Amino acid sequence: MELRVIEHPLVTAKITLLRDENTSSATFRQLVEELVTLLAYEATREVRVEPVQVKTPVTVTTGVELTRPRPLVVPILRAGLGMLEGMMRLMPTAEVGFVGMVRDEETLQPFTYAERLPKDLSGRQCYVLDPMLATGGSLGGTVQFLVDRGADHITCICLIAAPEGVERMRELVDPIGVPCTLVCAALDERLNEVGYIVPGLGDAGDRLYGLAQ
Ligand SMILES: O=P(O)(O)OC[C@H]1O[C@H](OP(=O)(O)OP(=O)(O)O)[C@H](O)[C@@H]1O
Ligand SMILES: O=c1cc[nH]c(=O)[nH]1
Ligand SMILES: [Mg+2]
């Protein structure tokens, strides 16, 4: 698995605002959207395209368009939903599949409560969105769903990753042999004793959408 930590002053400045406990939900949502668009630019470098003819007012020339089947974007609900609009702005013809997962806060195991993905993902490039990679259970489980259906190229876009989660993703993905890239805006220090990323930003879902019951 290739890890790309995007080093750009605008990205780091926006992550700094996200971390601030005084940032409101409205501003947090706006920053997440802005960040994902910046990360997506880097994360989509390998998106497959094919030649297409285009007629300009002056002449006919050759450009490119996204290859079919179109890439599949998969936000992991809830928090990944906050990244969807920013991603689709950059790649409006992509399709979207959904996975809903929530971590049991005691065991840290993810529980899948929703899954709406195409049955056959052969030949598809997939882009998985989740702001937080902590233990790696949620992202790892989602990547496994995609690989099981035949996805042959996977890019994960996270805002903040913990080293423990990156390691777990490597252990899962490397033996499978499907090309996988993890793009993130920050690689933090560690997980704390209750599985939160340090320094992190707290619970991304709660900060985007309010406290879950
Ligand atoms: O790497 P992991 O240890 O699996 O933790 C990361 C997961 O935790 C958060 O979701 P959460 O379970 O809080 O659900 P939510 O998005 O509904 O808040 C986050 O958005 C990831 O999906
Ligand atoms: O720090 C963390 C860890 C898991 N999920 C979050 O939202 N934040
Ligand atoms: Mg949460």
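All values reported here derive from a predicted model rather than from experimental measurement.

## Thoughts on helix α4 (residues 137-148)
Part 1 of the argument: A rise of 1.5 Å per residue sets the reference length of α4, with its 12 residues, at 16 Å; its end C-alpha atoms lie 16 Å apart and thus fit the reference within 8%.
Part 2 of the argument: In the stretch just after α4, G150 is the one whose phi turns positive, near 105°.

## Some thoughts on the UniProt feature "domain: Phosphoribosyltransferase" (unreviewed entry) in the chain
Part 1 of the argument: Residues annotated by UniProt as "domain: Phosphoribosyltransferase" (unreviewed entry) correspond here to residues 5-210.
Part 2 of the argument: Secondary structure across residues 5-210 divides into 32% helix and 31% strand, with the first and last C-alpha atoms of the span separated by 28 Å.

## Re the UniProt feature "binding site: 5-phospho-alpha-D-ribose 1-diphosphate" (unreviewed entry) in the chain
Part 1 of the argument: Per the UniProt record, "binding site: 5-phospho-alpha-D-ribose 1-diphosphate" (unreviewed entry) is annotated on R78, R103, D130, P131, M132, L133, A134, T135, G136, G137, S138 and D203.
Part 2 of the argument: In this structure, M132 is in contact with A79, C158, I160, I197 and A204, ignoring residues within four places of it in sequence.
Part 3 of the argument: With respect to the helices and strands, the residue G137 is situated in helix α4.
Part 4 of the argument: Discounting chain neighbours no more than four positions away, the residues touching G137 are R103, L108, Q109 and P110.

## A look at the packing of α4 against helix α5 (residues 163-173)
Geometrically, a packed helix pair is captured by the angle between its two axes and the distance between the axes.
Part 1 of the argument: Running from amino to carboxyl end, α4 crosses α5 at an angle of 20°, the nearest separation of the two axes being 9 Å. With respect to each other, α4 and α5 are oriented roughly parallel. As for how α4 packs across α5, the hand of that crossing is right-handed. Where α4 approaches α5, its residues L139, G140, V143 and Q144 are matched on the opposing element by G165, R168, M169, L172 and V173.
Part 2 of the argument: Classifying every residue of the contact of α4 with α5 by side-chain character gives five nonpolar, three polar and one charged.

## Details of the site of ligand 1
Part 1 of the argument: The environment of ligand 1 is formed by 24 residues, the closest being R78, A79, T135, S138 and G205.
Part 2 of the argument: Looking at side-chain class alone, the shell around ligand 1 contains 13 nonpolar, seven polar and four charged residues.

## Some details on α5
At 3.6 residues per turn, the α-helix brings residues three or four places apart onto the same side.
Part 1 of the argument: Where α5 is concerned, the buried positions are G165, V166, M169 and V173. Projection of α5 onto a plane perpendicular to its axis shows the buried side chains occupying an angular sector of 100°, all on one side.
Part 2 of the argument: Buried residues belonging to α5 abut β1 (2-5), β9 (132-133), α4, β10 (153-161) and β11 (180-187).

## Here's the deal with the pairing of β10
Part 1 of the argument: The buried fraction of β10 is high, at eight of nine residues.
Part 2 of the argument: In this sheet, β10 lies alongside strand β8 (residues 125-129) in parallel orientation, the contact comprising five bridges. Residue pairing in the sheet places V128 in a bridge with C156 of β10.
Part 3 of the argument: Across two bridges, β9 lies against β10 in parallel orientation.

## Examining the nonpolar core
Part 1 of the argument: In terms of nonpolar packing, the biggest core is built from 51 residues, with V128, L129, I157, C158 and I160 touching the most fellow members.
Part 2 of the argument: Among the elements that line this core, the one with the most residues is helix α2 (residues 25-43), at eight residues.
Part 3 of the argument: For C158, the contacting residues outside a window of four places in its chain are D130, P131, M132, L133, L182 and C184.

Definitions and limits used
- Residues numbered from 1 in each chain as written.
- Chains lettered and ligands numbered in written order.
- Predicted model: local features only at pLDDT ≥ 70, side-chain atom pairs only at ≥ 80, totals over all residues.
- Helix = DSSP H or I, 4+ residues; strand = E, 2+ residues; numbered from the N terminus.
- Expected span 1.5 Å × (residues − 1).
- UniProt positions renumbered as here; feature names shortened; annotations may be inferred.
- Contact = placed C-beta atoms within 7 Å.
- Axes fitted to C-alpha atoms, helices over the stretch in contact; angles between N-to-C directions.
- Parallel < 35°, antiparallel > 145°, perpendicular 65-115°, else oblique.
- Left-handed = near helix turned anticlockwise from the far one by under 90°.
- Nonpolar A, V, L, I, M, F, W, Y, C, P; charged D, E, K, R; others polar.
- Near = placed C-beta within 6 Å.
- Buried ≥ 20, exposed ≤ 12 C-beta atoms within 10 Å, placed from the backbone.
- Arc of directions from axis to C-beta.
- Pairing = 2+ DSSP bridges.
- Core = buried A, V, L, I, M, F, W, Y, C linked by C-beta atoms within 7 Å.

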